[in-house]
Amino acid sequence: MHRDKAVKGARAPGVALHGSLLIGVILSLLPFYWAIVMSTHTSSEIFQYPPKLLPGSHFGENVRNLFDNIDFFGSMLNSLIVAGSVTVLVLFFDSLAAFVFAKFAFPGRRVLFVLMMGIFMVPAQLQAIPQFVIMAKLGWIGSLTALVVPAAANAFGIFWMRQYMRGAIHDELMDASRLDGCGFLRQYWHVALPVVRPGLAFLGIFTFMSQWNDYAWPLISLINPDNVTLQVALSQLNSVHGNTDYGMVMAGAVLALIPLLIIFLIGARQMIADLAKGAIR
């Protein structure tokens, strides 16, 4: 009897933990469910009281109106080009710089790292004007190059990968690679990258989502309304006269979530798989 009581007492915290996690998951999914519900109703139905909690039958109509008002797939292609290019460049440049900061000693390393962290703390809004001037002098205003090149490396990615590499790449592994005759690039490609793939997966997901959802800089730099990213195109659906079709807007928002979900699922699966491999080793 005492053993049964002890087992029940041990299970109670686990049940409470799983219950709280389940509640957290439900609360996290509610905004997505609500967006899907609103995308299937008309504007008049969205503002009805009590609100409709179940999906309606106007999703197809809202999607057709969306395609009639903006170049949805063209804008999505622009966003895919920008987000994909920036993600690849950030993964390469940030991991390369982080590898140097984490595993190599050189004069001025601490000073350079402090300066980089100072850049990290500067708000992005303060960089908009000088960045626009530079892009204008280079003749890149209005092109996707103005979105890709300034975001090719960032302080957060270097800081994140440096911290990850300091714990994941052991000095003994670096010494063994040097004894085997590995130079810097071979150490980076064959020693560092296979070990830090979970960190790269997180950075890739974070970077892609940040670039996909970026609105302010594309709005400033892409002066051609026919060559905009998806977030800017969706903002054009909001009417200044208060006649916004919210069902159409929410349909666009729901469709814009699909690439993010795909990237998240691929990256999260890769991250979990690599963590499991590391645990087994």
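Refer to the preceding data block for the structure.
In this report, we go over the structure that sits alongside the text. None of the values given here were measured: they were computed from a predicted structure.

Looking only at helices and strands, one finds 14 helices and zero strands in the protein. Going from N to C terminus, the protein has its helices and strands arranged as α-α-α-α-α-α-α-α-α-α-α-α-α-α. In terms of overall dimensions, the protein is more spread out than a globule: its C-alpha atoms have a radius of gyration of 24 Å, far above the 19 Å expected for 281 residues. Principal axes of the C-alpha set define a box for the protein whose edges measure 80 × 70 × 30 Å. With 281 residues in all, the protein has 35% of them scored as buried. Pairs at least 24 apart in sequence give 73% of the contacts found in the protein among residues at least 6 apart.

This part is about the pattern of salt bridges. All chains considered together, the criterion is met by two salt bridges. As a salt-bridge pair, Asp175 and Arg178 come within 3.0 Å of each other at their nearest N and O atoms. Taken together, the residues span about one helical turn, with Asp175 and Arg178 both in helix 9 (residues 171-179) at a distance of three residues.

A separate point is the packing of aromatic side chains. A complete count under the given rule lists 18 aromatic pairs for this structure. Between Phe72 and Phe73, the aromatic rings sit 5.6 Å apart at their centres with planes inclined by 90°, giving edge-to-face as the arrangement. Judged by relative accessible area, Phe72 falls into the buried class, the value being 3%. Ring geometry for Phe101 versus Phe113: centroids 5.6 Å apart, planes at 65°, classification edge-to-face. With Phe101 in helix 4 (residues 72-103) and Phe113 in helix 5 (residues 109-120), the pair connects residues that are 12 residues apart, well separated along the chain. Exposure remark for Phe101: the relative accessible area of 11% places this residue in the buried category. Taken together, the aromatic side chains of Phe92, Phe93, Phe99, Phe104, Phe184 and Tyr188 make up a single cluster linked through ring pairs. Here Arg162 stacks its cationic end above the ring of Phe113, 4.0 Å away from the centre of that ring.

Each value, and the rule that gives it
Along each chain, the written sequence defines residue order, and numbers are assigned to residues from 1. For a predicted model such as this one, the threshold for reporting local features is a pLDDT of at least 70, and the threshold for listing and counting side-chain atom pairs is 80 or more; totals across whole chains, interfaces and linings nevertheless cover every residue. Side-chain figures throughout are based on the complete set of non-hydrogen atoms in the structure, without hydrogens or water. Helix numbering and strand numbering both begin at the N terminus, where a helix is a DSSP run of H or I of at least 4 residues and a strand a DSSP run of E of at least 2. The reference for a compact globule is 2.2 Å times residues^0.38; the radius of gyration itself is calculated from the C-alpha atoms. Buried, partly exposed and exposed residues are distinguished by accessible area as a fraction of the type maximum, computed with a 1.4 Å probe on protein chains only: under 20%, between the cut-offs, and over 50%, respectively. The contact criterion used throughout is that any non-hydrogen atoms of two residues lie within 4.5 Å. By salt bridge we mean one thing: a side-chain nitrogen of Lys or Arg within 4 Å of a carboxyl oxygen of Asp or Glu. Ring geometry is summarised as follows: Phe, Tyr and Trp rings, the Trp one being its six-membered ring, pair when their centres sit within 6.5 Å, and such pairs are stacked at plane angles under 30 degrees, edge-to-face over 60 and tilted between the two. Whether a charge sits over a ring depends on NZ of Lys or CZ of Arg being within 6 Å of the ring centre and within 35 degrees of the ring normal.

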